[in-house]
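Structural features, examined
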Amino acid sequence: QLDPENTGFIGVETFASLVHSHELPLDPAKLDMLVALAQGNDEGQVCYQELVDLISSKRSSSFKRAIANGQRALPRDVLLDETGLGFYKRFVRYVAYEILPCEMDRRWYFYQHRTCPPPVFMAAVTLTQVRGQRCAVPRLSLAEVSWLEQLGFNALLQLMIGVPLEMVHGILRISFLYLAGVLAGSLTVSITDMRAPLVGGSGGVYALCSAHLANVVMNWAGMRCPYKLLRMVLALVCMSSEVGRAVWLRFSPPLPASGPQPSFMAHLAGAIVGISMGLTILRSYEESLQDQCGWWVLLLSYGTFLLFAVFWNIFAYDLLGAQIPPPP
């Protein structure tokens, strides 16, 4: 009835009057986005398919471009003006401003967020690592106390960065990114430093951290987290110091009672995974990854590396006539 010529478009004023007259249950974020969609159109109209995508919570790249074109007329900082929020909703708002660079994404996440499923992956991984290390404590030598320090550093970063990322981007994306970093770190150590033991999840931790830091840098103007420059510097200093310490321990003269020190190559491999694959995941909030060509290029590159690493561990020493290093 509103589109008698079957063009697929209707005027935003017509649709707005329909919403108010029928009291349709659209949440404030979606209603504002509808206005932004119309303002992003040269003729001030609403596309039927964009309306369907909005109602069904589907957001494509073209949808986000339309939102960005009409965003200038939308009220800004609405989440910061919200009053009377409970503790958990204030925490959700804090997470939105920590992770997301766009105000519309923050509002979308704030209004769409649900407590179920909770961010259990990073908490479960951290708990498993801590319990496993506690079981090994009686067998640790004096020098291997550094392993506990590395585990504590990794656990702290996992909870501080991993949990907010999991809340925003979901368990599937963050667990995939974390495990991709762990696997890449382990295989990189097996190629470059096979005599060194590998403990903890340094590759996964650095994949999360580097992806988040790269996302902040790429969207510096839109990030509204307080003291972002100071926090960025502190994060880079802490991560660089931890890697530098691992390098020094790996190549410094061993103590009389020391065992082999863990390798630092897992850190570097995890950072590469985070900057490449992780940045694509974090920049595609609420968008389908399989529709992006760059995502498939990254997956192909990652799969090629995995195959190379596996074949290297199986055949390289025989082909090169070298002996496999003894276990530490």
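Rules and cut-offs
The written sequence of each chain sets the order in which its residues are numbered from 1. At least 70 in pLDDT is required for a residue's local features to be given in this predicted model, at least 80 for side-chain atom pairs to be given and counted, and no such filter applies to totals for whole chains, interfaces and linings, which use all residues. The side-chain figures draw on all heavy atoms in the structure; neither hydrogens nor water molecules are used. What counts as a salt bridge is simple: a side-chain nitrogen of Lys or Arg found within 4 Å of a carboxyl oxygen of Asp or Glu. Strands here mean DSSP runs of E at least two residues long; helices mean DSSP runs of H or I at least four residues long; both are numbered from the N terminus. Here, the term nonpolar core denotes a set of buried Ala, Val, Leu, Ile, Met, Phe, Trp, Tyr and Cys residues that are joined through side-chain atoms within 4.5 Å. For the exposure calls, accessible area comes from a 1.4 Å probe over protein chains only, and a residue counts as buried if that area is under 20% of its type's maximum, exposed if over 50%, partly exposed in between. UniProt positions are given in the numbering used here, feature names are shortened, and annotations may be inferred rather than shown by experiment. The contact definition used throughout considers only heavy atoms, calling two residues in contact when any of these lie within 4.5 Å. Any N or O atom pair separated by 3.5 Å or less is treated as a polar contact, with the protein-specific requirement of one donor-capable and one acceptor-capable atom, and with residues adjacent in sequence counted only for side-chain atom pairs. A pair of Phe, Tyr and Trp rings is counted when the ring centres sit within 6.5 Å of each other, with Trp represented by its six-membered ring. The angle between the planes then sorts it: under 30 degrees is stacked, over 60 is edge-to-face, the rest tilted. One less than the number of residues in a helix, times 1.5 Å, gives the span that helix is expected to have. Axis geometry follows a simple rule: fit a line to the C-alpha atoms, using only the stretch in contact for helices, then measure angles between N-to-C directions, giving values from 0 to 180 degrees. When an angle is under 35 degrees it counts as roughly parallel; over 145 it counts as roughly antiparallel; between 65 and 115 it counts as roughly perpendicular; any other value is oblique. Handedness of each helix crossing follows the sense of rotation of the near helix against the far helix: counterclockwise by less than a right angle gives left-handed, clockwise gives right-handed. Each residue gets one of three labels, nonpolar for Ala, Val, Leu, Ile, Met, Phe, Trp, Tyr, Cys and Pro, charged for Asp, Glu, Lys and Arg, and polar for the others, Gly among them.

1. Concerning the pattern of salt bridges
The tally for this structure, following the rule as stated, stands at one salt bridge. Close ionic contact of arginine 231 with glutamate 98 constitutes a salt bridge, the shortest N to O distance being 2.4 Å. With arginine 231 in helix H12 (residues 228-251) and glutamate 98 in helix H6 (residues 87-99), this residue pair connects regions lying 133 residues apart in the sequence.

2. Considerations on the nonpolar core
Grouped together as the largest cluster of nonpolar side chains are 49 residues, with contacts concentrated most on Tyr109 and Val273. With eight residues, the single largest contributor to this core is helix H11 (residues 202-218). Formed by five residues, the second largest nonpolar core is a distinct cluster that contains Val189, Ala246, Phe264 and Met265.

3. Quick look at the UniProt feature "active site" (unreviewed entry) in the chain
The residues that UniProt annotates with the feature "active site" (unreviewed entry) are Ser202 and His267. Maximum C-alpha separation among the annotated residues is 5.5 Å over a sequence range of 66 residues, consistent with a single clustered spot. Residue contacts for serine 202: discarding those within four places in its chain leaves Gln150, Asn154, Ala266 and His267. In this structure the side chain of serine 202 is engaged in a polar contact, spanning 3.1 Å, whose partner is the side chain of asparagine 154. Note on placement: histidine 267 falls in helix H13 (residues 265-283).

4. Examining the packing of aromatic side chains
Evaluation of the coordinates by the stated rule reveals five aromatic pairs. Seen from their ring centres, phenylalanine 91 and tyrosine 94 are 6.3 Å apart, and the 25° between their planes marks the pair as stacked. Of the two residues, phenylalanine 91 and tyrosine 94 both sit in helix H6, three residues apart, roughly one turn of that helix. Judged by relative accessible area, which is 30%, phenylalanine 91 ranks as partly exposed.

5. A word on the side chain of serine 190
Here serine 190 lies in helix H10 (residues 171-192). On the basis of relative accessible area, serine 190 is assigned to the buried category, the value being 15%. Setting aside chain neighbours within four positions, we find serine 190 in contact with Asn313 and Tyr317.

6. Thoughts on H12
Spanning 24 residues, H12 covers 35 Å between terminal C-alpha atoms, matching the ideal 34 Å at 1.5 Å per step. Along H12, the residues classified as buried are Lys228, Met232, Met239, Glu242, Val243, Ala246, Leu249 and Arg250.

7. Considering H11
Counted at 1.5 Å a residue, the expected span for H11 with its 17 residues is 24 Å, and the 24 Å between its end C-alpha atoms agrees. For H11, the buried fraction is high: 15 of the 17 residues fall into the buried class.

8. Comments concerning the packing of H11 against H12
In contact at an axis separation of 12 Å, H11 and H12 are set at 150° when each is read in the N-to-C sense. When the axes of H11 and H12 are compared, the pair comes out roughly antiparallel. Helix-helix and strand crossings are classified by hand; for H11 and H12 the assignment is left-handed. Across from Tyr206, Cys209, Leu213, Val216 and Val217 in H11, the residues of H12 making contact are Met232, Ala235, Leu236, Met239, Glu242 and Val243. Here the contact of H11 with H12 is built from residues that sort into 10 nonpolar, no polar and one charged.

9. Structural notes on the side chain of threonine 188
Within the secondary structure, threonine 188 is located in helix H10. The class of threonine 188 is buried, set by a relative accessible area of 12%. Residues within four places of threonine 188 in sequence aside, it is in contact with Asp193, Met265, Ala269 and Phe305.

10. Details of the packing of H11 against H13
Two numbers describe a pair of packed helices, the interaxial angle and the distance between the axes. Taken N-terminus to C-terminus, the directions of H11 and H13 make an angle of 45°; their axes are 6 Å apart at the nearest point. Here H11 is positioned oblique relative to H13, judged by the angle of their axes. The way H11 lies across H13 gives a crossing that is right-handed. Residues Ser202, Gly203, Tyr206, Ala207, Ser210, Ala211, His212, Ala214, Asn215 and Met218 of H11 form the contact with H13, whose participating residues are Ala266, His267, Gly270, Ala271, Val273, Gly274, Ile275, Gly278, Leu279, Leu282 and Arg283. Partitioning the contact of H11 with H13 into residue classes produces 11 nonpolar, nine polar and one charged.

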